[in-house]
Amino acid sequence: MKALLCYGDSNTWGANPKDISRFDDQTRWTGVLQCLLGEGWRVLEEGLSNRTTGFDDALVPMRNGKATFPMVCDTHRPFERLIVMLGTNDAKSRFRHQPDAAADAVEAIGRMGRDAGAKVMLIAPPPLRSPISYIEFEEERAVSFSRALAPLYLEVAEANGWEFLNAGSVIATSPLDGIHFDAEAHTRLAQAISHILRR
């Protein structure tokens, strides 16, 4: 059985854009992916709301994705595959780094996964859309920041020989809050990932 570790934020956790409750196992993209891949795979969910690529959050502790990944890695090893989908929370106003810093952080996470023996897939999250319902995001900057991630992540993936998916090419964030995925988007994302894994 192949173990697949999915490392992400609230969109991997399964936040419902309607009320920020959690979608059930059958609705979250990780659960849909498990069904699509079948019994030969074990999908390991590691989604955490407010997780950044690699930056400390003074308001929400323990959300630095790069810093906490070694613990997650040790918890689940051995695993054959790693999916990293982070970057949305880096667009918050209280973080002032540029998109290339987010790309550097996800590259560091991917390399740790590779060093643990996993084949890596890097997913660029879909861009945020207006209107954004959360005051933590300065809308114009946040949308611009999120749109810049896909080409940077593609460069990282190509430089390291990793698989890549631009999630914005198959899904969009919900118009309800501009950030999270609705149920249909979870399904479409899982289908796109499954296609890459089976290729």
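See the structure shown above.
Thresholds applied
Numbers given for residues are sequential positions, taken from 1 along each chain in its written order. With pLDDT at 70 or above as the cut-off, local features in this predicted model cover only qualifying residues; side-chain atom pairs require 80 or more to be listed or tallied, and sums for whole chains, interfaces and linings still use all residues. No hydrogens and no water enter the side-chain calculation; it runs on all heavy atoms of the structure. A run of DSSP states H or I qualifies as a helix once it reaches four residues; a run of E qualifies as a strand once it reaches two. Both are numbered from the N-terminal end. To get the radius of gyration, use the C-alpha atoms; to get the globule rule, take the number of residues to the power 0.38 and multiply by 2.2 Å. When accessible area is computed with a 1.4 Å probe and restricted to protein chains, residues below 20% of their type maximum are described as buried, those above 50% as exposed, and intermediate ones as partly exposed. In this analysis, two residues are considered to be in contact whenever any of their non-hydrogen atoms come within 4.5 Å of each other. What sets the accessible areas is the Shrake-Rupley method with a 1.4 Å probe; for residues, cover comes only from the shown protein chains. Only four residue types enter the charge count, namely Lys and Arg as positive and Asp and Glu as negative; His and the chain termini do not. Charge positions are represented by NZ for Lys, CZ for Arg, CG for Asp and CD for Glu. Whether two strands pair comes down to DSSP finding at least two bridges between them. Only C-alpha atoms enter the line fits that serve as axes; for helices the fit covers just the stretch in contact. Angles between N-to-C directions range over 0 to 180 degrees. Side-chain atoms within 4.5 Å are what join buried Ala, Val, Leu, Ile, Met, Phe, Trp, Tyr and Cys residues into a set we call a nonpolar core. By convention, the crossing between two helices is left-handed when the near helix turns anticlockwise from the far helix through less than a right angle, and right-handed when the turn is clockwise.

**Student:** Can you help me understand the overall build of the chain in this one?
**Tutor:** Each helix and strand counted, the chain has 7 helices and 5 strands in total. What you see in the chain, going N to C, is helices and strands ordered as β-α-α-β-α-β-α-β-α-α-β-α. Computed over C-alpha atoms, the radius of gyration of the chain comes to 15 Å, within 12% of the 16 Å expected from 2.2 N^0.38 for 199 residues, which places it in the range of a compact globule. Once the C-alpha set of the chain is aligned to its principal axes, its extents read approximately 45 × 30 × 30 Å. Taken over 199 residues, the chain has a buried fraction of 55%. The long-range share in the chain, meaning contacts at least 24 apart out of those at least 6 apart in sequence, stands at 76%. Accessible surface for the chain amounts to roughly 8,900 Å². Of this, 51% is attributable to carbon and sulfur atoms. Charge separation in the chain, taken as the distance between the mean sites of 22 positive and 26 negative side-chain charges, equals 3 Å.

**Student:** How should I be thinking about the environment of Ser10 in this particular structure?
**Tutor:** With respect to the secondary-structure elements, Ser10 resides in helix α1 (residues 10-13). Residues Ser10 and Glu139 lie 129 residues apart in sequence; the distance between their C-alpha atoms is 19 Å. For Ser10, the contacting residues outside a window of four places in its chain are Ala15, Leu48, Ser49 and His180.

**Student:** Quick question: what am I supposed to make of the sheet that holds strand β3 (residues 81-85) here?
**Tutor:** Strand pairing in a sheet relies on backbone hydrogen bonds, with the paired strands running either antiparallel or parallel. Across the sheet, 5 strands lie side by side as β2-β1-β3-β4-β5; this open sheet has parallel pairing. This sheet does not close on itself; its edge strands, each paired only once, are β2 (41-47) and β5 (163-166). Each neighbouring strand pair of the sheet contributes to a mean axis angle of 15°, computed without reference to strand direction. Bridge analysis of strand β1 (residues 2-8) against β3 gives 5 bridges, and the strand direction is parallel. Bridging across to β3, Tyr7 finds its partner in Val84. Set on the sheet, helix α4 (residues 99-115) makes contact with β1, β3 and β4 (119-124); between it and β3 the angle comes to about 170°.

**Student:** Looking at this structure, I do not really get the nonpolar core. What am I missing?
**Tutor:** Taken as a class, soluble globular proteins show a tendency for nonpolar side chains to be buried jointly. Formed by 33 residues in total, the largest nonpolar core has its most connected members in Phe69, Phe79, Leu82, Leu128 and Tyr153. Only β1, α3 (65-76), β3, α4, β4, α5 (139-147) and α6 (149-160) provide two or more residues apiece to this core. Counting residues per element, this core draws most heavily on α6, at 5 residues. Cys6, Val43, Ile123 and Ala190 belong to the second-largest nonpolar core, a separate cluster that totals 23 residues.

**Student:** I would appreciate a short explanation of unusual backbone geometry in the present structure.
**Tutor:** A negative phi holds for most residues other than glycine; trans holds for most peptide bonds. Looking along the chain, the bond that leaves Arg77 and enters Pro78 is cis, with omega of 5°. Along the polypeptide, Pro78 turns up in the loop between α3 and β3. Here the amide bond leading from Ser130 into Pro131 is cis, since omega sits at -5°, within 30 degrees of zero. Looking at the element boundaries, Pro131 is found in the loop between β4 and α5. Positive phi is not limited to glycine here, since Ile20 has a value of about 65°. You can see Ile20 is positioned in the loop between α1 and α2 (29-37). Ile20 sits in the partly exposed class, given a relative accessible area of 36%. The backbone of Asn50 shows a phi angle near 75°, a positive value even though the residue is not glycine. Within the secondary structure, Asn50 sits in the loop between β2 and α3.

**Student:** I would appreciate a short explanation of the packing of α4 against α6 in the present structure.
**Tutor:** Axes are the key here: two packed helices are described by the angle between their axes and the distance separating the axes. Relative orientation of the contacting elements α4 and α6 amounts to 35°, with a least axis distance of 9 Å. Handedness of the crossing formed by α4 with α6: right-handed. For the pair α4 and α6, contact is made by Pro99, Asp100, Ala102, Ala103, Val106, Glu107, Arg111 and Arg114 and by Leu149, Leu152, Tyr153, Val156 and Asn160, respectively.

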